[in-house]
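# What the coordinates show
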Amino acid sequence: MATRPSNSKWQRKKAASQASARAGAISFFVLLALWLNAASAATVTVLVGNSGFNFSPSSVTIHPGDTVRWEFSSSGHSTTSGNPGMPNGIWDSGIRGQGATFSRTFNTVGTFRYFCTPHGQCCGMTGTVNVTAAPTPTPTPTPTSTPVPGNPPTDFNRDGKPD
């Protein structure tokens, strides 16, 4: 017959096991929440200087939580929030070289204008990020039965009303 550890030793092992199980469950739910958030967010790519002094596309529409990723196709450009000559300080990639990337996640609804610091005023190198509220799903209507013409409704429980 196996002997059981002393009561206090057994209680410590049981408490440690329960703590480990709680930590595992918490970790699972944190990872699940992160995965769900990542699964619902999108990333939109904007090419910088791909064929001259431009952003392509120059305007994108996204939802809160989505990310814009600027990929620099040529050197000497930036993505700077605001209007040419008037940055507003929300973001500034700094001047980047070919092959560089810069990303920003937008969490609030609004219109965010941006420009290339060296080429915004002289060459019109500007763009816009439009962040719109995520659409609310339309509920599915509940189907209703329609009586067939010529067949009177059936009164199954004989209360004088169709069932």
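Residues numbered from 1 in each chain as written. Predicted model: local features only at pLDDT ≥ 70, side-chain atom pairs only at ≥ 80, totals over all residues. Heavy atoms only, no water.

## Comments concerning the overall build of the protein chain
Helix and strand counts for the protein chain come out as two helices and nine strands. Mapped in sequence order, the helices and strands of the protein chain form the string α-β-β-β-β-β-β-β-β-α-β. In the protein chain, the proportion of contacts linking residues at least 24 apart, taken out of those at least 6 apart, comes to 58%. Just so you have it, the protein chain exposes about 11,200 Å², and 57% of that area is on carbon and sulfur atoms. (Helix = DSSP H or I, 4+ residues; strand = E, 2+ residues; numbered from the N terminus. Contact = heavy atoms within 4.5 Å. Areas by Shrake-Rupley, 256 points an atom, 1.4 Å probe, with all protein chains shown as cover.)

## Things to note about the pattern of salt bridges
Counted by the stated rule, this structure contains one salt bridge. Note that R69 is salt-bridged to E71, the shortest N-O span being 3.1 Å. Accessibility expressed as a relative area gives 27% for E71, which makes it partly exposed. (Salt bridge = Lys/Arg side-chain N within 4 Å of Asp/Glu carboxyl O. Buried < 20%, exposed > 50% of the residue type's maximum accessible area, 1.4 Å probe, protein only.)

## Considerations on the nonpolar core
Counting residues in hydrophobic clusters, the biggest one holds 17 residues, and the most contacted among them are F55, V68, W70, F106 and V129. The set of elements that each furnish at least two residues to this core consists of strand 1 (43–48), strand 3 (59–62), strand 4 (66–72), strand 7 (101–106), strand 8 (110–115) and strand 9 (126–131). Looking at this core, the element that brings in the most residues is strand 4, giving three residues. (Core = buried A, V, L, I, M, F, W, Y, C linked by side-chain atoms within 4.5 Å.)

## Structural notes on the confidence of the model for the protein chain
Summary statistics for the protein chain give a mean pLDDT of 83 and a share of 75% for residues scoring 70 or more. Between residues 30–38, whose pLDDT stays under 50, and residues either more than four places distant or in other chains, the model counts zero contacts. (pLDDT = per-residue confidence, 0-100.)

## Examining the packing of aromatic side chains
Under the counting rule described, the total for this entry stands at seven aromatic pairs. Ring centres of W91 and F106 lie 5.4 Å apart, and the angle between their planes is 90°; on these two criteria the pair is classed as edge-to-face. In this pair, W91 sits in strand 6 (residues 86–92) while F106 sits in strand 7, placing the two residues 15 residues apart along the sequence. As far as the burial class goes, W91 and F106 line up, both buried. Cation over ring: R104 sits above F106, and NZ or CZ is 5.2 Å from the ring centre. (Phe/Tyr/Trp six-rings, centres within 6.5 Å; stacked < 30°, edge-to-face > 60°. Lys NZ or Arg CZ within 6 Å of the ring centre and 35° of its normal.)

## Quick look at the sheet that holds strand 8
One open sheet accounts for five strands, arranged 3-9-8-5-6; its pairing is mixed. Every other strand in the sheet has two partners, leaving strand 3 and strand 6 as the edge strands with one partner each. Averaged over all neighbouring strand pairs, the angle between strand axes comes to 35°, with direction disregarded. Sheet topology note: the strand 5 (residues 80–83)/strand 6 ladder contains three bridges and is antiparallel. Its bridge partner lying in strand 6, G82 is registered against P87. (Pairing = 2+ DSSP bridges. Axes fitted to C-alpha atoms, helices over the stretch in contact; angles between N-to-C directions.)

## Thoughts on the side chain of T80
Looking at the element boundaries, T80 is found in strand 5. The exposure class of T80 is buried, given its relative accessible area of 3%. Beyond its immediate chain neighbours, meaning those up to four positions away, T80 contacts P87, W91, D92, R113, Y114, F115 and T117.

## Remarks on the environment of T111
Checked against the element boundaries, T111 lands in strand 8. The spatial distance from the C-alpha of T111 to the C-alpha of N130 is 4.6 Å, given a sequence separation of 19 residues. Look past the residues within four positions of T111 in its chain and what remains in contact with it is T128, V129 and N130. Within the structure, T111 has its side chain in polar contact with the side chain of N130 (distance 3.5 Å). (Polar contact = N/O pair within 3.5 Å; in protein donor to acceptor, adjacent residues only side chain to side chain.)

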